Amino acid sequence: MAPLATLLLDIAGTTCALPRAEIREILPLPRLHAPPAAGGPLAGFLNLAGEPVPVIDLAVLFDLRPEPDGEDPYRHLLLARQGSIALLVDRALDLVPIAESDLRPIEPARSLNGCVVGEFPHGDRLVHLLSLDRILTLEERARLEALTRQAKTRLAGFEPEGVRAG
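Quick notes on the rules
Residues numbered from 1 in each chain as written. Predicted model: local features only at pLDDT ≥ 70, side-chain atom pairs only at ≥ 80, totals over all residues. Heavy atoms only, no water. Salt bridge = Lys/Arg side-chain N within 4 Å of Asp/Glu carboxyl O. Helix = DSSP H or I, 4+ residues; strand = E, 2+ residues; numbered from the N terminus. Buried < 20%, exposed > 50% of the residue type's maximum accessible area, 1.4 Å probe, protein only. Core = buried A, V, L, I, M, F, W, Y, C linked by side-chain atoms within 4.5 Å. Pairing = 2+ DSSP bridges. Axes fitted to C-alpha atoms, helices over the stretch in contact; angles between N-to-C directions. Contact = heavy atoms within 4.5 Å. 1 Å grid on protein atoms, 1.4 Å probe; cavity = no way out; pocket = protein on both sides within 12 Å on 5 of 7 lines; lining within 4 Å. Points joined across faces, edges and corners; volume = space filled by probe spheres on them. Nonpolar A, V, L, I, M, F, W, Y, C, P; charged D, E, K, R; others polar.

A.B. asks: Mind showing me how you'd approach the pattern of salt bridges here?
C.D. replies: It is possible for side chains of opposite charge to pair when their charged atoms get near one another. For the structure on display, the rule yields six salt bridges. For arginine 65, the salt bridge identified is with aspartate 90, shortest N-O distance 2.8 Å. Here aspartate 90 lies in the loop between strand E7 (86-89) and strand E8 (91-98) and arginine 65 lies in the loop between helix H1 (58-61) and strand E6 (76-80), a separation of 25 residues in the sequence. Residues arginine 65 and aspartate 90 agree in their burial class; the two are buried. Residues arginine 143 and glutamate 139 are paired through a salt bridge, measuring 2.7 Å at the closest nitrogen-oxygen approach. With a gap of four residues between them, arginine 143 and glutamate 139 both fall in helix H2 (residues 138-156), about one helical turn apart. For the residue pair arginine 143 and glutamate 139, the accessibility class agrees, reading exposed in each case. Connected via shared salt-bridge partners are Asp57, Arg65, Arg75 and Asp90.

This is how it looks when you write it as structure tokens:
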């Protein structure tokens, strides 16, 4: 079987990984729109071709950093494969292949919402493999969708007359 391509991430000094297939694009950190309702792990919204994409700060979500770190302009955004969410990380470090025999599954009950699906050795440490689909709970997703609808409505209010966003 072919190795699993994984993207190593630095999240507040903790190395984690995501399957490369779950990431559409890696972007430098642009200026984000942070409405007053944003807070906690919601770093703000990325305006992607007129569509607001919510950006989740993984360090804040995973309680690895108590507050957003707005001081580092060299952080990265990972745009999810379907483009409906972006993840803010300190760095996208490297793309590494993981042999199936090196990947050890993790019981879903050992992490919130089962977001850690496995672990593998890399250098002298174990790296947690995350599932993009399990990073947020259903309730968190529902609240994020509501905030995204609000951001889209607000953004549409700035459209010139006669022009409609798709």
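A.B. asks: Would you take a moment to explain the nonpolar core for this structure?
C.D. replies: Burial of nonpolar side chains together is a common tendency in soluble globular proteins. Grouped together as the largest cluster of nonpolar side chains are 26 residues, with contacts concentrated most on Leu9, Leu18, Ile56, Leu78, Leu87 and Ile135. Sorting the residues of this core by element identifies strand E1 (4-11), strand E2 (14-19), strand E4 (42-48), H1, E6, E7 and H2 as the ones contributing at least two each. The greatest single-element share of this core, amounting to three residues, is contributed by E1.

A.B. asks: In this structure, what is going on with the sheet that holds strand E3 (residues 23-28)? I would like to understand it.
C.D. replies: Two pairing modes exist for strands in a sheet, parallel and antiparallel, and in both the strands are linked by backbone hydrogen bonds. Here five strands make up an open sheet; going across it, the order is E3-E6-E7-E5-E4 and the pairing mixed. Looking at which strands have only one partner, the edges of the open sheet turn out to be E3 and E4. Averaged over neighbouring strand pairs, the angle between their axes works out to 30° when direction is ignored. Pairing of strand E5 (residues 51-57) with E7 involves three bridges; the strand directions are parallel. What sits directly across from valine 55, in E7, is alanine 86. H2 contacts E4 and E5 of the sheet and is inclined by roughly 140° relative to E5.

A.B. asks: Whenever I open this one, empty space enclosed by the protein confuses me. Can you help?
C.D. replies: Sizing a probe to match a water molecule and rolling it over the atoms shows the empty space that remains. Using the criterion set out here, one finds two cavities of 30 Å³ or more in the structure. Reported here for the largest cavity is a volume of approximately 40 Å³. Every residue lining the largest cavity is listed: Gln82, Ile85, Leu87, Leu132, Ile135, Leu136 and Arg141. Looking at side-chain class alone, the lining of the largest cavity contains five nonpolar, one polar and one charged residues.

All we've got here are geometric facts, nothing functional implied.
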